[in-house]
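# Observations on the model geometry
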2 protein chains.
Amino acid sequence: MKTSFAGLAPAPAFQPLYRQIKQLITELLESGEWRPGEAIPSEIDLAQRFSVSQGTVRKAVAELAGENVLVRRQGRGTFVASHSHARAHLSFLHVTPDRGRAERLEARLVDLKRVRADATSAGLLGLDPGGTLIRLRRLLWINGRGPVVLEEVRLPASAFRGLDATVAEAHRCMLYSMYEAAFGVKVVAAEERLKAVAADADTAHMLGVCAGDALLRIERVAYTYGGKPVELRRGFCNTRFHHYANALS
Amino acid sequence: MKTSFAGLAPAPAFQPLYRQIKQLITELLESGEWRPGEAIPSEIDLAQRFSVSQGTVRKAVAELAGENVLVRRQGRGTFVASHSHARAHLSFLHVTPDRGRAERLEARLVDLKRVRADATSAGLLGLDPGGTLIRLRRLLWINGRGPVVLEEVRLPASAFRGLDATVAEAHRCMLYSMYEAAFGVKVVAAEERLKAVAADADTAHMLGVCAGDALLRIERVAYTYGGKPVELRRGFCNTRFHHYANALS
DNA sequence: TAGTGGTCTAGACCACCGT
DNA sequence: CGGTGGTCTAGACCACTAA
C-alpha cells in the first residue's frame, strides 16, 4: 500500500486528474455500485463517463490494481478484488510453514460473544467508548498442521449485525470472505505489529505448548476503502514449525 | 518488490519493450555506469540512446522507482537510490518503538571475524561449501534506547575483501551505506523470516534480559541487483518496548 | 530561463479472451 | 470475430528546480 492511512492526512492539495478519477472510482466502490467479483466498465466506457482520456482512466485503475483493490485481466476486463475465491484468504496470511507454502488454511471457532469496547479498541476502530464489540476467537491449522495460531478478532457490532457463531461457521471461518458476502465490508489493507511474548496458561493449552514458551504475537488493524478501520485482531502464533514471512524493498 | 527472486524464474518468454529497457538500465546499474547517489541521464537522453520513445523509458524507470532502485525528483532528475544519506539506513528497519517512530539508530560492534561457511549459509549465498564468510555481531540502539537488537551478519569474504572492525567502525556500523561506498555492493531488496524464541544465556546477557525470555528472531537474506543474495542476517530483538511493523495490502 | 520529471491526450497496434 | 486490457508512440502543456 502506498497510501498513508491513520495519522494526519497530509493535506489533499491539488490532485492530478487521474487521482481525482481514482477517488471517484473508490467512492463508487464504497457505494456498492460495483460489487466484489464483478467487472467494472471498460476503460473506454469509464473514460467517456468521466470525460477524460483512456490513458487517464488507465493510470487511475493501475494504481488501484497496485493496491489490490481492482484486478485487471487481459482480454476479459477489470474486476473488483474479492476475498471470495480459493486462496484469497491466504493473501493476508504471512505465517507460512518453514518448508513449503501455506496451501490449505482451516479454522475452528472457539467462541463468539458480545463485549463492551475498551478505550483502546474503541479508539482504534473510531467508536464511542463503551460501544459494543463482537469478539470471536478461533484456532488456525495450516496444511493440516496445528493449531498454529490462536486468534482473537474484535469487530464493531454495528457494522456486523446478526453475526453469531452459526453465521461464522457457515462461512467456515473465512472471515474476510464472510465480511464481504454477508456484511458488505471489503477489507483492502491492514497494518500488523509483531512482538515475542511468553505464553500464558490458557493460550499455551489451546496451542498445545507449555506456559511460558515464546509465542509470536501478531496485532492487526484491518482497513476498508478510504483507510477506515473495521477489524482488530490479535494472534498468538506457535513458531516451532512456522514463521512470519516478509519481503522488503 | 514485485519481481520474484529465488526459486524458478518463470521463463522469460517475450518481454515488452519497456521491460527490456528496464533490464538494460539494471545492467548498466550493475556495471557501475551510474553510481548510487548520481543522476542518470534524462528520459529524453535515455530514449534517444535506446531508440525508443520517452514514454517507454518512463515506464521502465517508473517500475525501477517503484522497487526503490531509482528515485525520481521532479525538476531535478532521476537518481540511483543510495543508502548513503540520513534516514536511508532506516528504510530496511521494521523495528520501531511502541510509541513514536524510529528516528536515530546507533550501533555498537561486538566482534568481527572470519569463519568457514556452513552448508546452509553457503547455499543461501550461492558459495562453495567451505568458503570463507565474514561474521560480525553488533548491538542496536533506537532513539537512544537499548540495546534493542543483537544482530549477527554473515557476508561472503570474497565480495568484502579488506573488511575489518576498523572499517566497520569507521562507517559507524551503517552497513548498507558501507557496502555501497566501500565495496560497491548495493542492497536493493531483502526477505525476512520471523520467529519467537527463548533467549539463550549469552544473548540475554547482551540484551539485558533474562535467559529464557521471549525474543523476536529476525532472519534476513539481502539481495543486490538481479536478485543475487549478498548478505545473511540474524537478529534477536527485545520487544519489551519495541515491535516489528508491517503493512499489508 | 532552461531543463527536468509529471500529466494528459490521441491514436495505432498487439495479445488475449470468450463466443 | 469483437471486445478487453497491454504496449508504444508523439506531442502538448504543467510544476518544480537550479542557475
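Residues numbered from 1 in each chain as written. Chains lettered and ligands numbered in written order. Predicted model: local features only at pLDDT ≥ 70, side-chain atom pairs only at ≥ 80, totals over all residues. Heavy atoms only, no water.

## Considerations on the relation of the copies chain A and chain B
For the pair chain A and chain B, the superposition axis carries a translation of 0.0 Å, the fit reaches an RMSD of 0.0 Å, and the rotation angle comes to 180 degrees. This pairing of chains is accounted for by a two-fold axis. Residue by residue, 97% of the interface of chain A is reproduced at the interface of chain B, so both copies engage with the same surface. (Least-squares fit on C-alpha atoms with pLDDT ≥ 70 in both. Contact = heavy atoms within 4.5 Å.)

## What to know about the interface of chain A and chain B
Taken together, the contacts link 33 residues of chain A with 33 residues of chain B. A buried area of about 2,700 Å², summed over both sides, lies between chain A and chain B, and 50% of it is on carbon and sulfur atoms. At the boundary of chain A with chain B, the tally comes to two salt bridges. In this structure, the salt-bridge partner of Asp98 of chain B is Lys195 of chain A, at a minimum N-O distance of 2.7 Å. If you list the elements that add at least two residues to the side of chain A that touches chain B, you get β8 (189–198), β9 (214–224) and β11 (242–248) of chain A. With 10 residues, β8 of chain A is the single largest residue contributor to the side of chain A that touches chain B. In terms of residue class, the side of chain A that touches chain B is made up of 17 nonpolar, seven polar and nine charged. Here β8 of chain A pairs with strand β11 (residues 242–248) of chain B via five bridges, running antiparallel. (Buried area = accessible area lost by both parts, 1.4 Å probe. Salt bridge = Lys/Arg side-chain N within 4 Å of Asp/Glu carboxyl O. Helix = DSSP H or I, 4+ residues; strand = E, 2+ residues; numbered from the N terminus. Nonpolar A, V, L, I, M, F, W, Y, C, P; charged D, E, K, R; others polar. Pairing = 2+ DSSP bridges.)

## Notes on the packing of aromatic side chains
Residue and element names in this part refer to chain A. Tallied over the full model, the rule gives eight aromatic pairs over all chains. Judged by centre distance (5.4 Å) and plane angle (50 degrees), the ring pair of Tyr176 and Tyr179 falls under tilted. Note that Tyr176 and Tyr179 are positioned in helix α6 (residues 175–183) at a spacing of three residues, about one turn of the helix. Residue classification places Tyr176 among the buried residues on the basis of a relative accessible area of 7%. Judged by relative accessible area, Tyr179 falls into the buried class, the value being 0%. Taken together, the ring pairs in this structure connect Phe92, Phe160, Tyr176, Tyr179 and Phe183 into an aromatic cluster. For the cation-ring pair, Arg73 lies above Phe79, with the distance from its terminal atom to the ring centre recorded as 4.7 Å. (Phe/Tyr/Trp six-rings, centres within 6.5 Å; stacked < 30°, edge-to-face > 60°. Buried < 20%, exposed > 50% of the residue type's maximum accessible area, 1.4 Å probe, protein only. Lys NZ or Arg CZ within 6 Å of the ring centre and 35° of its normal.)

## Comments concerning the domain arrangement of chain A
All names here are of chain A. What the domain assignment reports for chain A is domain 1 (17–80) and domain 2 (88–244). Each partner contributes to the interface: domain 1 provides seven residues, whereas domain 2 provides four residues. Together domain 1 and domain 2 conceal approximately 500 Å² of surface at their shared face, both sides included; 67% is due to carbon and sulfur atoms. By the criterion of area lost to domain 2, the three top residues of domain 1 are Glu30, Pro36 and Val69, representing 58% of everything that side buries. Here domain 1 and domain 2 share zero salt bridges between them. Linking domain 1 with domain 2 are zero residue pairs in polar contact (both at pLDDT 80 or more). Here the side of domain 1 that touches domain 2 takes three residues from helix α1 (residues 17–31), the largest share from any one element. Among the residues forming the side of domain 1 that touches domain 2, the class breakdown is four nonpolar, one polar and two charged. (Domains from an automatic or database assignment. Polar contact = N/O pair within 3.5 Å; in protein donor to acceptor, adjacent residues only side chain to side chain.)

## Observations regarding the packing of α1 of chain A against helix α3 (residues 54–66) of chain A
Residues and elements named next belong to chain A. Two numbers describe how α1 lies on α3: the axes approach to 8 Å, and their chain directions differ by 60 degrees. By the criterion of interaxial angle, the relationship of α1 to α3 is oblique. Both α1 and α3 take part in a crossing whose hand is right-handed. Packed against α1, whose contacting residues are Leu17, Tyr18, Arg19, Ile21, Lys22, Ile25 and Thr26, the element α3 presents Thr56, Lys59, Ala60, Val61, Glu63 and Leu64 at the interface. Looking at the contact of α1 with α3 residue by residue, the class counts come to seven nonpolar, two polar and four charged. (Axes fitted to C-alpha atoms, helices over the stretch in contact; angles between N-to-C directions. Parallel < 35°, antiparallel > 145°, perpendicular 65-115°, else oblique. Left-handed = near helix turned anticlockwise from the far one by under 90°.)

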